[in-house]
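Results of the structural survey
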Amino acid sequence: MTSASAAPARPGWIGRNAARVEDDVLLRGGARFLDDIVLPDALEATFVRSPIAHGLIRSMNLDAARALPGVHAVLAFTDLRAVLTQDDIPLALPAGGLRFDVNPTCLVIHEACYVGEPVAMVIASSRRIAEDAAALVELDLEPLPAVVDPVEGLEPGAPKARLSCPDNLVAKTKVDYGDVEGAFAGAAQVVARAFRLNKGGGHPMEPRGVVARYDEIADQLTVWNSTQMPHRAKAMLVETLGLAEHQVRVTTPDVGGGFGTKAVFHPEELAVPAAAMLLKRPIKWVEDRFESFTASIGEREQVWTVEAAFDADGRIRGIRGTLRYDHGAATPYGIALPFNAATNLIGPYALPAYRMDIDLCMTNKTPAAPTRGAGRPQGTFVMERLMDAMAQRIGLPRDEIRRRNMIQPGQMPFTIPVKQRDGSMMVYDSGDYPECQRRALEIAGWDDFPARQKQAREQGRYIGLGLTNYVEATGRGPFESVSISIGPSGRIVVSSGATAQGQGVKTMLAQVVADVLGVAPESIHVVVGDTSATPAGLGAYASRQAVTAGNAAYRAATLVAEKAKTAAAELLEASVDDLVVNDGRVEVNGVPGHGKSLTQIARALAGTPGFALPGNLPPGLSASNDFMTSGLSYTNGCHLAEVEVDPDTGGVKILRYVVVHDCGRMINPMMVEGQILGGVVHGVGMTLFEWMRYDADGQPLTVTFADYLLPTSDVVPRIEIHHLESPTPLNPLGVKGAAESGTIGAPATIVSAIEDALRPLDVRITQVPVTPPQLRALIRQAQVAESAP
């Protein structure tokens, strides 16, 4: 990994490759993950889960399980209902296109709707005993027809995925602007394609988990949850358990990855706290890896049918089509993911007219919610494949057709007539898309590649070079909170509603605050993901925390610095205008040593009985800020991949991968590169390996990492990362998000490279992941067609 064109370091801490403040504890083995939490007198839980994709509970005999020594309780929904205010978990998000909401329940009441849905809960003195008892539960289910395919599920006469729903069309929406019919009527060329992108998951290294303890004396529920959104989890518990906000604390311990899987509130996150309240005992549940496949949310399955109209010179006139989306068995995320896909299709291109009809199909699979990229890789894939197809049709180089259609930097901010889910218009705020592509092509040796490709083909080798451009909407609001306090001890404490999953959130906040206060980041104590430390917050999703929490930290730190200067002016009998904050001190500018430390100022503002505070300021050296976003900031990038295809086996080897990325001003370039690198690897998995398969009855077929393959070190190439910086005008720091960008560009890039390698055979790839058997079959078909008379 390189960053040859990384921006030079600036004075202060923003823009520097500072060491992560989290790493000392992690590397020394001092981290505390969910399963490391051991409470006195705690019990352990496991779940009895539906073994079929769709069925009605005829009967459930819990007697044998309850009789097993060491078992404290075996609970069905009717048992937990005693402490619940309602049957369902109110996850539904506002969405105009939803025809009906389908909220999950913490345990199945009557109708099981996917394999792995929790039906009963076993609580015992150990996980081993709980597992043994779960095996003794006698569950009789009446099988019902399962809906597995999002296209077939919308056909007339299709069985219902849920009997309580009128049909499987849970939502219908569209993106529609411009004169689409006129664009096609006047087109010189029209390209039509169909694509299927299959279901996958986030699969963080640490699975999900919950520990809950109810304190009868304090009448308080404390929940440790390996979640990306603790404040959202708290809101769900307050509403469903009938408690007040002050009675519920949700805190995240160290979290070993999220990738969207831990953003959504799952049934177990209510069942465990409810059981802890019912039994008056602490309870722990940690997901096993089999449950990760069968019970955690997944995403990505989309079926597209699209047409693109172009002028004779390769300029795009319009796109139209349909998108069928597999929504799974519930609606925890509204219409956000297919809408992300449909809008991200537009990419960095000037698209005059566009209509995409979006149908969301209820199926008997795990509910669909974000997996890294959250729909955007699919939309980017479709547009970039259309660009390649049209380039081949009219004989233009692939880079040139993209260049001709790009939005120019002088057109920024660029408004697209699409209304987003918050009611605002879609506006690209900043970026230089042509320069991003130009630089990526230069680094990857685009102009020299045809000669190398020709030489390789003469040697019987099939190598190809793929290209993709993309944008990503980042910094989704509406807000994030940060509070900063400096007590008489002098310790700087930063608390935020932001949440860490290993991406360096504490370092990011510490660097921003350190930059303003002139201290070292490691001297700052950061608390994130704890609802008792920050009353409001939203957490980790949508590549947002550097934008929202970062700017909240900047503004709160600025307020602290200004208050410190005002107090110091009184203590030093100096003018505020003559004071500067540096190295943890407020000093008279140009007079080193003449000043007060932040510790001294904090002590003065803590107050002395009977004496006035300096300058009659409010007590305490602290400040808070809720940063409200004024719009989404758009990151962009260009990816190139060089691959070699073995036509005999269908194997694909990635030889080189180049990324040029623009996320505005970078707080810590090293951490940005870590995010991009991880995202690309996730995208490699989505493209070549990761496929959550089901049979016709909805039974999952890939429930171990022997069947569901992840990219490993032997298949991931050296990833070269380079940067542009186009600061956004939408926030004081000029930052944009970066966490999902690597994933967004990878599938289209790798498939473009594979098709380029196999261009002599005219192989067309319409489905991902691209597995060796599938690719070998396409190659065989092409070879047969080529040899036909």
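In this text, all values refer to a predicted model and were calculated from it rather than measured experimentally.

With respect to the helices and strands, Ala 158 occurs in the loop between β6 (138–143) and β7 (169–177). C-alpha separation for the pair Ala 158 and Thr 534, spaced 376 residues apart in sequence, amounts to 48 Å. Contacts of Ala 158, omitting those with residues within four sequence positions, involve Glu 152, Gly 153 and Asn 168.

If you trace the 7 strands from one edge of the open sheet to the other, you get β3-β5-β1-β12-β9-β10-β11, paired in mixed fashion. Two strands close off the open sheet at either side, each with one partner strand: β3 (71–75) and β11 (248–251). With direction set aside, neighbouring strand axes in the sheet form an average angle of 20 degrees. Here strand β1 (residues 43–49) pairs with strand β5 (residues 118–124) via 6 bridges, running antiparallel. Opposite Val 48, over in β5, you have Ala 120 as the bridge partner. Sheet strands in contact with helix α7 (residues 268–279) are β1, β3, β5, β9 (209–215), β10 (220–225) and β12 (283–286), and its direction is about 30 degrees off that of β9.

Taken as a whole, this structure holds 7 aromatic pairs when the rule is applied. With a centroid separation of 5.4 Å and an interplanar angle of 65 degrees, the aromatic rings of Phe 293 and Tyr 708 are classed as edge-to-face. In this pair, Phe 293 is assigned in helix α8 (residues 289–294) and Tyr 708 in the loop between α17 (669–688) and β28 (719–724), connecting sequence segments 415 residues apart. Across the pair, exposure class does not vary: Phe 293 and Tyr 708 are buried alike.

Taken together, the 3 strands give an open sheet; going across it, the order is β4-β2-β6, and neighbouring strands pair in antiparallel fashion. Two strands close off the open sheet at either side, each with one partner strand: β4 (111–112) and β6. Pairing of strand β2 (residues 55–61) with β6 involves 6 bridges; the strand directions are antiparallel. Within the sheet, the bridge partner assigned to Leu 56 lies in β6 and is Glu 142.

Generally speaking, soluble globular proteins have nonpolar side chains that are buried together. Membership of the largest hydrophobic core comes to 145 residues, with the highest contact counts inside it found for Met 121, Leu 241, Trp 304, Ile 319, Tyr 354, Tyr 428 and Ile 754. In terms of residue count, helix α10 (residues 376–394) provides more of this core than any other element does, 8 residues in total. In contact with Ile 754, other than residues within four places in its own chain, are Val 643, Val 645, Val 652, Leu 688, Ile 765, Val 770 and Leu 775. Among the nonpolar cores identified, the runner-up in size contains 52 residues, and Ala 498, Ala 552, Leu 572 and Ala 623 belong to it.

What follows deals with the environment of Val 115. In this structure, Val 115 sits in the loop between β4 and β5. Taking C-alpha positions, Val 115 is 23 Å from Ser 226, a pair spaced 111 residues apart along the chain.

Glancing now at the pairing of strand β26 (residues 633–646). Buried residues dominate β26, accounting for 12 of its 14 residues. With 11 bridges joining them, β26 and strand β27 (residues 651–662) adopt antiparallel strand pairing. Bridge pairing in β27 places Leu 640 opposite Val 658. Counted between consecutive antiparallel strands, the loop separating β26 from β27 contains 4 residues, among which Gly 650 sits at a positive phi close to 80 degrees.

Turning our attention to the pattern of salt bridges. In the structure shown here, the tally under the stated rule is 52 salt bridges. Across the pair Arg 49 and Glu 268 runs a salt bridge, and its minimum N-O distance is 2.9 Å. Of this pair, Arg 49 sits in strand β1 while Glu 268 is found in helix α7, placing the two residues 219 residues apart along the sequence. As far as burial versus exposure is concerned, Arg 49 and Glu 268 are alike and both buried. Across the salt bridge formed by Asp 140 and Arg 58, the nearest N and O atoms sit 3.5 Å from each other. Within this pair, whereas Asp 140 is found in strand β6, its partner Arg 58 is found in strand β2, the two being separated by 82 residues in sequence. Asp 140 gets classed as partly exposed once you look at its relative accessible area, which sits at 31%. Each of Arg 49, Arg 127, Glu 131, Arg 208, Glu 268, Glu 287, Asp 288 and Glu 291 takes part in one network of salt bridges that share partners.

Across the chain, pLDDT averages 95, with 99% of residues at or above 70. Between residues 1–10, whose pLDDT stays under 50, and residues either more than four places distant or in other chains, the model counts 29 contacts.

Tracing the sequence through the fold places Thr 240 in helix α6 (residues 230–241). Using a relative accessible area of 1% as the deciding quantity, one classes Thr 240 as buried.

Before going further, it helps to spend a moment on the packing of α10 against helix α18 (residues 741–757). Their axes nearest at 7 Å, the elements α10 and α18 cross at an angle of 30 degrees. For the element pair α10 / α18, the angle class is roughly parallel. Pair α10 / α18 crosses with right-handed handedness. Here Arg 376, Pro 377, Thr 380, Phe 381, Glu 384, Arg 385 and Asp 388 of α10 lie close against α18, whose contacting residues are Thr 743, Ile 744, Pro 747, Ala 748, Val 751, Ser 752 and Glu 755. Taken together, the residues of the contact of α10 with α18 break down into 6 nonpolar, 3 polar and 5 charged.

Now for the state of the cysteines. Defined simply, a disulfide is a covalent bond joining two cysteines at their sulfur atoms. Here the structure, examined in full by the defined rule, presents 0 disulfides. The thiol sulfur of Cys 638 is not disulfide-bonded, and the nearest other cysteine sulfur, from Cys 436, lies at 5.7 Å.

What follows covers the domain arrangement of the chain. Accessible area lost upon the coming together of the parts serves often as the stated size of an interface. Parsing the chain into structural domains produces domain 1 (23–30 + 477–628), domain 2 (38–143 + 204–295) and domain 3 (406–416 + 423–474 + 633–789). For domain 1 and domain 2, the distance between their C-alpha centres works out to 38 Å. Across the contact, 18 residues belong to domain 1 and 16 residues belong to domain 2. For the pair domain 1 and domain 2, the summed buried surface comes to about 1200 Å²; carbon and sulfur atoms form 48% of the total. One can count 1 salt bridge joining domain 1 with domain 2. A salt bridge links Arg 249 to Asp 530; its shortest N-O distance comes to 2.6 Å.

With an omega of -5 degrees, the peptide bond running from Met 412 to Pro 413 counts as cis. Within the secondary structure layout, Pro 413 lies in the loop between α11 (398–405) and β16 (414–419). In this model, Val 768 is joined to Pro 769 through a cis peptide bond whose omega is 5 degrees. When you line up the elements, Pro 769 lands in the loop between β29 (767–768) and α19 (772–787). For Asp 219, which is not glycine, the phi dihedral falls at a positive 55 degrees. Here Asp 219 falls in the partly exposed class, since its relative accessible area comes to 32%. Phi is positive for Glu 573, close to 55 degrees, though the residue is something other than glycine.

Here we take up α10. Between its terminal C-alpha atoms α10 stretches 28 Å, which fits the 27 Å expected from 19 residues at 1.5 Å a residue. Extensive coverage of α10 is indicated by the burial of 16 of its 19 residues. Just downstream of α10 lies Gly 395, where phi reads positive at about 80 degrees.

Turning our eyes to something else, we now look at the pairing of strand β22 (residues 579–582). Regular strands show a simple pattern: their side chains alternate between the two faces of the sheet. Of the two faces of β22, only one is covered, namely that formed by Leu 579 and Val 581; the face formed by Val 580 and Asn 582 stays uncovered. Between β22 and strand β23 (residues 585–588), which pair antiparallel and follow one another directly, the connecting turn spans 2 residues, one of which, Asp 583, has a positive phi of 55 degrees.

Turning next to α6. Across its 12 residues, α6 extends 16 Å between first and last C-alpha, which sits within 8% of the 16 Å expected from 1.5 Å per residue. In terms of residue burial, α6 counts as a mostly covered element, since 9 of its 12 residues are buried. The set of residues buried in α6 consists of Pro 230, His 231, Ala 233, Lys 234, Met 236, Leu 237, Val 238, Thr 240 and Leu 241. Contacts made by the buried residues of α6 are with β10, β11 and α7. Two residues or fewer after α6 comes Gly 242, characterised by a positive phi angle close to 70 degrees.

Reading the values: the criteria
Numbering of residues begins from 1 in every chain and follows the order in which that chain's sequence is written. Where totals are concerned, whole chains, interfaces and linings use all residues; where local detail is concerned, this predicted model gives features only for residues with pLDDT of at least 70, and gives and counts side-chain atom pairs only at 80 or more. Only hydrogens and water are removed before side-chain values are computed, so all heavy atoms of the structure are retained for them. Helix numbering and strand numbering both begin at the N terminus, where a helix is a DSSP run of H or I of at least 4 residues and a strand a DSSP run of E of at least 2. Throughout, a contact is declared for two residues whenever any of their heavy atoms are within 4.5 Å. Strand pairing is defined by DSSP finding a minimum of two bridges between the two strands. In this analysis an axis means a line fitted to C-alpha atoms, helices contributing only their contacting stretch, and an angle means the value between N-to-C directions, from 0 to 180 degrees. For Phe, Tyr and Trp, rings pair up if their centres lie within 6.5 Å, where Trp contributes its six-membered ring, and each pair is then called stacked (planes under 30 degrees apart), edge-to-face (over 60) or tilted (otherwise). Throughout this description, buried means an accessible area under 20% of the type-specific maximum (1.4 Å probe, protein chains only), exposed means over 50%, and partly exposed covers the range between. We call a set of buried residues a nonpolar core when its members are Ala, Val, Leu, Ile, Met, Phe, Trp, Tyr or Cys and they connect through side-chain atoms within 4.5 Å of each other. By salt bridge we mean one thing: a side-chain nitrogen of Lys or Arg within 4 Å of a carboxyl oxygen of Asp or Glu. Per residue, pLDDT captures the predictor's confidence, and it can take any value from 0 to 100. To sort the angles, those under 35 degrees are grouped as roughly parallel, those over 145 as roughly antiparallel, those from 65 to 115 as roughly perpendicular, and the leftovers as oblique. Note on convention: the crossing is left-handed when the near helix lies turned anticlockwise from the far helix by less than a right angle, right-handed when the turn is clockwise. Each residue gets one label: Ala, Val, Leu, Ile, Met, Phe, Trp, Tyr, Cys and Pro are nonpolar, Asp, Glu, Lys and Arg are charged, and the others, such as Gly, are polar. Disulfides are defined in this document as cysteine sulfur pairs within 2.5 Å. Marked domain ranges trace back to an automatic or database domain assignment. Buried surface area refers to the total accessible area, computed with a probe of radius 1.4 Å, that the two partners give up upon joining, counted for both partners together. Multiply 1.5 Å by the residue count of a helix minus one, and that product is the helix's expected span.

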